[in-house]
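# Summary of structural features
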Amino acid sequence: MKIAENKVPDIVSEIGRKLLENGAAVNRVEDTISRICASYGEKADVFALPSFIAMTASGVTQTVRVKSGKINFGKIEELNQLSRYICEKHPCKEEIKIYLDKIDAPKDKRVLPLAYLCTAAALTVNFGGSVKDVCASVIISLVIMVVREHAGANRILNIFLVAFATGLSSATLTVFMPQVSSESIIGACVILMIPGFTVTTALKDMLCGDTIAGILRMCESILLSLAIATGIVLSEYTAGLLYGR
Amino acid sequence: MGDNVLLQLAASMVISAGFSMIYSIKLSRLPFVAAGGGLTLLIHLILINISGSQYASLVPAAGFAVFYAELMAIMLKAPAVVFLVPSIMPLLPGRKLYKAMHSLVTGNVPVFIDYGIQTLKIAVGIAAGILVSEALVYFIRSLNKKAQTGR
């Protein structure tokens, strides 16, 4: 069965796009596309960067521009399972489309506040914070959650606003609760912002020989880290102006 | 001291699980992710006890996280990165990083340099552990592939 007849390049490039949007490593994207094409008996030449995919299979070349999205472990796993299913069963295009729509459907976000609360509380305990520090971190983690969800898709601006809001909220809380240690609170909340996933994926990309992709992701991590530092520093200056510290 | 260690381990399991929930992990993976975080911190604490060096212990601890993630990926047929990143989270230096930034704001340059270097050492230790272990995993995979294809 030829890939071009079955319009598989459209599907395959769509799966590759969704993997990159949700934060998958470049070698995983290239591997997934190659495996699906190989299951149809076709050799695919794939080149991927964090914002671009180019693939050629069966005389058809497709390029895809990928916009950055939110990292989503669940979607990466579901897309991985879908690619295994396609390789094994060769379903029709309509069935694959239904699968993809199911993956894209909005998921239940009710666990999100609980996740932020528990993570911030556990981080504060790990840094030796008191019970009052834990309560303060929990409040600030909800601020982080709200700002992160509503600050827009631009990752650098988003993380800057989150860091600024975190620093300012912490300073405001210490005015009303002078016993809390802003060191433990912000130290814990900074971990929630650190681009650990981007750095790890950058290292994986470089190790697999995708040096350009790894360098691009590492640059993004550095910019994100600078945005966090700038946000925290500016919030401290702002708090100094507002509260005279 | 024992209670403190148990509390740290419990906290690290919650950190790993909570962090992966923030990134929308499938809930069925949570016990494995929590176990990864707890085991990584446990290895880190045991090695600090043996070697006395916080920074040297980070390399094998991060390396363990990589091998654990790869093992979970094979057993559960899921991407390894889903288990790796949450397992590394308990090792990250949030407090030192904040102290470095705070001392920069207050103009305390010697303290900024001191905490900045400590943070950098931790980051380099974790990155080194990940790099070495990933390289080993890559090598083992290529040997396995050669054995299967006969090339």
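Scroll up for the structure.
Below you will find a few notes about this structure. Being a predicted model, the structure only gives us computed values, none of them experimental. (Residues numbered from 1 in each chain as written. Chains lettered and ligands numbered in written order. Predicted model: local features only at pLDDT ≥ 70, side-chain atom pairs only at ≥ 80, totals over all residues. Heavy atoms only, no water.)

Here the focus is the overall build of chain A. Counting its regular elements, chain A contains 10 helices and 3 strands. Secondary structure elements of chain A, listed N to C terminal, follow the sequence α-α-β-β-β-α-α-α-α-α-α-α-α. Dimensions along the principal axes, computed over C-alpha positions, put chain A at roughly 70 × 35 × 25 Å. Within chain A, the fraction of its 245 residues that count as buried is 50%. The contacts of chain A with a sequence gap of at least 6 include a subset with a gap of at least 24, amounting to 66%. With 25 positive and 23 negative side-chain charges, chain A shows a spacing of 3 Å between the two charge centroids. (Helix = DSSP H or I, 4+ residues; strand = E, 2+ residues; numbered from the N terminus. Buried < 20%, exposed > 50% of the residue type's maximum accessible area, 1.4 Å probe, protein only. Contact = heavy atoms within 4.5 Å. Lys, Arg positive; Asp, Glu negative; His and termini not counted. Charge placed at Lys NZ, Arg CZ, Asp CG, Glu CD.)

Right, let's talk about the pairing of strand β1 (residues 44-49) of chain A for a bit. Remember that side chains alternate between the two faces of the sheet whenever the strand is regular. Residues and elements named next belong to chain A. Strand direction decides the pairing type here: β1 and strand β2 (residues 52-57), joined by 6 bridges, are antiparallel. Bridged to A48 within β2 is I53. Linking β1 to β2, which pair antiparallel, is a turn of 2 residues. (Pairing = 2+ DSSP bridges.)

The partner chain A presents 45 residues to the 43 residues of chain B that form the contact. Roughly 4,200 Å² of surface becomes buried between chain B and chain A when both sides are summed, with 71% attributable to carbon and sulfur atoms. Looking at the side of chain B facing chain A, the largest losses of area belong to B:Y23, B:R95 and B:Y98, adding up to 18% of the total buried there. For the interface between chain B and chain A, the tally reads 3 salt bridges. The interface formed by chain B and chain A includes 6 residue pairs in polar contact (both at pLDDT 80 or more). Put simply, the parts of the chain that give the side of chain B that touches chain A at least two residues each are α1 (2-22), α4 (81-88), α5 (94-105) and α6 (109-149) of chain B. Ranked by residue count, the leading element in the side of chain B that touches chain A is α1(B), at 10 residues. (Buried area = accessible area lost by both parts, 1.4 Å probe. Salt bridge = Lys/Arg side-chain N within 4 Å of Asp/Glu carboxyl O. Polar contact = N/O pair within 3.5 Å; in protein donor to acceptor, adjacent residues only side chain to side chain.)

Further remarks concern unusual backbone geometry. All names here are of chain B. The phi torsion at S24 lies on the positive side, around 60 degrees, for a residue other than glycine. Take S24: it is sitting in the loop between α1 and α2 (30-51). Look at S24 and you get partly exposed, because its relative accessible area is 35%. Located in the positive-phi region is K77, a residue other than glycine, with phi close to 55 degrees. Tracing the chain through its elements places K77 in the loop between α3 (54-76) and α4. Overall, the relative accessible area of 49% leaves K77 in the partly exposed class.

Residues and elements named next belong to chain A. Remark: helix α7 (residues 155-176) packs on helix α8 (residues 182-193), axes separated minimally by 10 Å, with the N-to-C direction vectors making an angle of 160 degrees. In this view, α7 runs roughly antiparallel relative to α8, as classed from their interaxial angle. Crossing handedness for the pair α7 and α8: right-handed. Contacts between α7 and α8 pair I159, V162, A163, T166, G167, S170 and T174 from the former with S182, I185, I186, C189 and M193 from the latter. Its residues placed into classes, the contact of α7 with α8 shows 7 nonpolar, 5 polar and no charged. (Axes fitted to C-alpha atoms, helices over the stretch in contact; angles between N-to-C directions. Parallel < 35°, antiparallel > 145°, perpendicular 65-115°, else oblique. Left-handed = near helix turned anticlockwise from the far one by under 90°. Nonpolar A, V, L, I, M, F, W, Y, C, P; charged D, E, K, R; others polar.)

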